[in-house]
Amino acid sequence: MSAAGTPSPGPPPPGSPSPASLGLPAATALPDGPRARVVVAVASLGFFLITLDISIVNVALTAIRDELGGGTAGQQWVIDGYTLLFAALLLFAGNLSDRVGARRALLWGVVAFTATSAACAAAPTAAALVAARCAQGAAAAIVLPASMALVREAFPDARRRARALGVWAVGGAVSAVLGQPLGGLLTTVDWRWIFTINVPVGAGMLALLVLVAPSPVRPARFDWAGQVLAVLALSTLVFGLIEGGHAGFTEPAVLASLVLAVVALAAFVLVQARGRHPMLPLELFAARGVRLALPVGFAFMVGNYGHVFVVSLHLQQHLGMSPLHAGTVFVPAALLAVAGNLASGPVTNRFGARVPVVAGQLSMVAGLLALVPATASGSPWWTALALVPVAVGGSVAMPAVTGVVLEGVPQHRAGTASAVFNTFRQIGGAVAVAVFGALIAVPGGFPAGVRSSLVVSAALLLLTAVNSLRIPARTTR
């Protein structure tokens, strides 16, 4: 089906001349869908927004705490409320996009994201902000798979689609560059502007979506039991980790939460194994590429979310830097990360996936360990320098390891495998903020907690780097 929902042309009959044999470019075989450039623009904006709202908040956490209270636990929940619902609903959102059509799902997601951004900006209390952030994360989960699906529909030709998805991915790279400094600049005026800025962008996206043709719909069943159990398992796990770090892991409420998380997870696995339409087909884990890539995605987000969270707080709460100055410390690393994203493809094509995946993780390990003495020294310049190998290493490794996921599963499972990979990534980020927040919350132990968090991240990435040596030296294409 085309983006307009009309039947797509079938394959040419046997013996038909190829476009290349007629001297025509390959792209003419399958023309782009209607308003394809508009599709790329609105999809890229969507990816930009949902990624930006992860990074832009970090440098505003101190200002949010000063105005709304909530302490370190409140700061953790402002981040984890978003990532938790984002992670828990990604598989559901992919199913929704198939069921109602990518354009309609994206429209719903943008409306919800714009409304919840306004609710975040207007939050009168820390609890209200956390609730609004949870809803915002749920909306982001709808936007991500729908935006990618819309690009796929608009570009039936594989080569043009690859280039379009590359443009779509730039939205996430640009948000990484802008997130910290833009968050610092807006927080200098008022932290509420970090959410208010989403409203006009969301309105512009809705105006563009009016120009996009309706998407085809495909019947798909919802795994309601699996979805409820997934949300229950993740939310109770994160709650137990955050509250355990503050109240103690022997508290009855914390113990009950962690036990419930284990029970819900076991029930989720059972439902996925026996259900007719599981949201997470367990046979995916039979693919070697998936088994190798999922730990890398998890560890990457532990290191990525974890170091941004603790270093941002360190620069402001320990060194006394303003949000704007703290944000600028991340700029060199973010700019070079864009170069790393661009270099990842050629490196993978030349050497196979193993080289960029292993080398990228080892680069992150080196940077995280360099941040330990950098944060102890109190030098923002040293900190900025140490951040570079972390950002560059991650930007080189992630595109390559995503390819390992997709190449290790059948074509009809590619979308589900991608959703599973991104779910594991978001879980890693949520767990990192929960655990590292507990480490820095110990009375008088903030500097030691920061350093412990960095060492834990480095150790986990070192383990997954060693495991990644099992990736074939050169990917078969």
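Residues numbered from 1 in each chain as written. Predicted model: local features only at pLDDT ≥ 70, side-chain atom pairs only at ≥ 80, totals over all residues. Heavy atoms only, no water.

## Some words on the overall build of the chain
Part 1 of the argument: From N to C terminus, the chain includes 17 helices and 0 strands.
Part 2 of the argument: Put simply, the chain has 477 residues, and 51% of those count as buried.
Part 3 of the argument: Here the analysis covers contacts within the chain between residues at least 6 apart in sequence; of these, 82% occur between residues at least 24 apart.
Part 4 of the argument: Within the structure as shown, the chain displays about 19800 Å² of accessible surface, and the carbon and sulfur contribution to it stands at 70%. (Helix = DSSP H or I, 4+ residues; strand = E, 2+ residues; numbered from the N terminus. Buried < 20%, exposed > 50% of the residue type's maximum accessible area, 1.4 Å probe, protein only. Contact = heavy atoms within 4.5 Å. Areas by Shrake-Rupley, 256 points an atom, 1.4 Å probe, with all protein chains shown as cover.)

## Observations regarding the pattern of salt bridges
Part 1 of the argument: Under the defined criterion, the tally for this structure stands at 3 salt bridges.
Part 2 of the argument: Residues R192 and E67 are paired through a salt bridge, measuring 2.9 Å at the closest nitrogen-oxygen approach. Here the residue R192 occupies a position in the loop between α6 (158-189) and α7 (193-196), and E67 occupies one in helix α2 (residues 61-68), the gap between them amounting to 125 residues.
Part 3 of the argument: The class of R192 is buried, set by a relative accessible area of 18%.
Part 4 of the argument: Owing to a relative accessible area of 45%, E67 belongs among the partly exposed residues under this scheme. (Salt bridge = Lys/Arg side-chain N within 4 Å of Asp/Glu carboxyl O.)

## Re the packing of helix α11 (residues 288-318) against helix α14 (residues 354-377)
Part 1 of the argument: Between α11 and α14, the shortest axis-to-axis distance is 12 Å and the interhelical angle comes to 25°. Our classification of the angle between α11 and α14 gives roughly parallel. Considering only the axes of α11 and α14, their crossing is left-handed. Touching V296, F300, G303, N304, H307, V311 and H314 of α11 are V357, Q361, M364, L368, L371 and T375, all from α14.
Part 2 of the argument: In terms of residue class, the contact of α11 with α14 is made up of 7 nonpolar, 6 polar and no charged. (Axes fitted to C-alpha atoms, helices over the stretch in contact; angles between N-to-C directions. Parallel < 35°, antiparallel > 145°, perpendicular 65-115°, else oblique. Left-handed = near helix turned anticlockwise from the far one by under 90°. Nonpolar A, V, L, I, M, F, W, Y, C, P; charged D, E, K, R; others polar.)

## As for the packing of helix α1 (residues 36-55) against helix α5 (residues 126-154)
Part 1 of the argument: It is at 9 Å that the axes of α1 and α5 come closest, and there the two elements cross at 150°. When the axes of α1 and α5 are compared, the pair comes out roughly antiparallel. Along this stretch, α1 crosses α5, giving a crossing that reads as left-handed. Side by side, α1 and α5 meet where A36, V39, V42, A43, G46, F47, I50 and D53 of the first sit next to R133, Q136, A140, V143, L144, S147, L150, V151 and A154 of the second.
Part 2 of the argument: Taken together, the residues of the contact of α1 with α5 sort by class into 12 nonpolar, 3 polar and 2 charged.

## As for the side chain of T187
Part 1 of the argument: Relative to the helices and strands, T187 is located in helix α6.
Part 2 of the argument: At 2.6 Å, the side chain of T187 and the backbone oxygen of G183 are in polar contact.
Part 3 of the argument: Those residues in contact with T187, other than ones at most four positions away along the chain, are A60, A63, I194 and P323. (Polar contact = N/O pair within 3.5 Å; in protein donor to acceptor, adjacent residues only side chain to side chain.)

## Observations regarding the packing of aromatic side chains
Part 1 of the argument: For the structure shown, the criterion picks out 4 aromatic pairs.
Part 2 of the argument: Between W191 and F195 the ring centres are 6.3 Å apart and the planes differ by 90°, which places this aromatic pair in the edge-to-face class. Accessibility classification places W191 together with F195 in one group, the buried group.
Part 3 of the argument: Its end group placed over the ring of F351, R350 keeps NZ or CZ at 4.9 Å from the ring centre. (Phe/Tyr/Trp six-rings, centres within 6.5 Å; stacked < 30°, edge-to-face > 60°. Lys NZ or Arg CZ within 6 Å of the ring centre and 35° of its normal.)

## Notes on α2
Part 1 of the argument: Within the sequence span of α2, burial applies to L61, T62, I64 and L68. The buried residues of α2 all sit within an arc of 160° when viewed along its axis, so they share a single face.
Part 2 of the argument: Against α3 (71-100), α5 and α11 lie the buried residues of α2.
Part 3 of the argument: Trailing α2 by a residue or two, G69 shows a phi angle of about 80°, which is positive. (Arc of directions from axis to C-beta.)

## Regarding a nonpolar patch on the surface
Part 1 of the argument: Residues L232, V259, L260 and V263 make up a contiguous nonpolar surface patch of about 310 Å² in total accessible area.
Part 2 of the argument: With 3 residues, the top contributor of residues to the nonpolar patch is helix α10 (residues 252-274).
Part 3 of the argument: Structurally, the position occupied by V263 is in helix α10. (Patch = residues over 30% accessible without salt bridge, like charges linked within 9 Å, V, L, I, M, F, W, Y side chains within 5 Å.)

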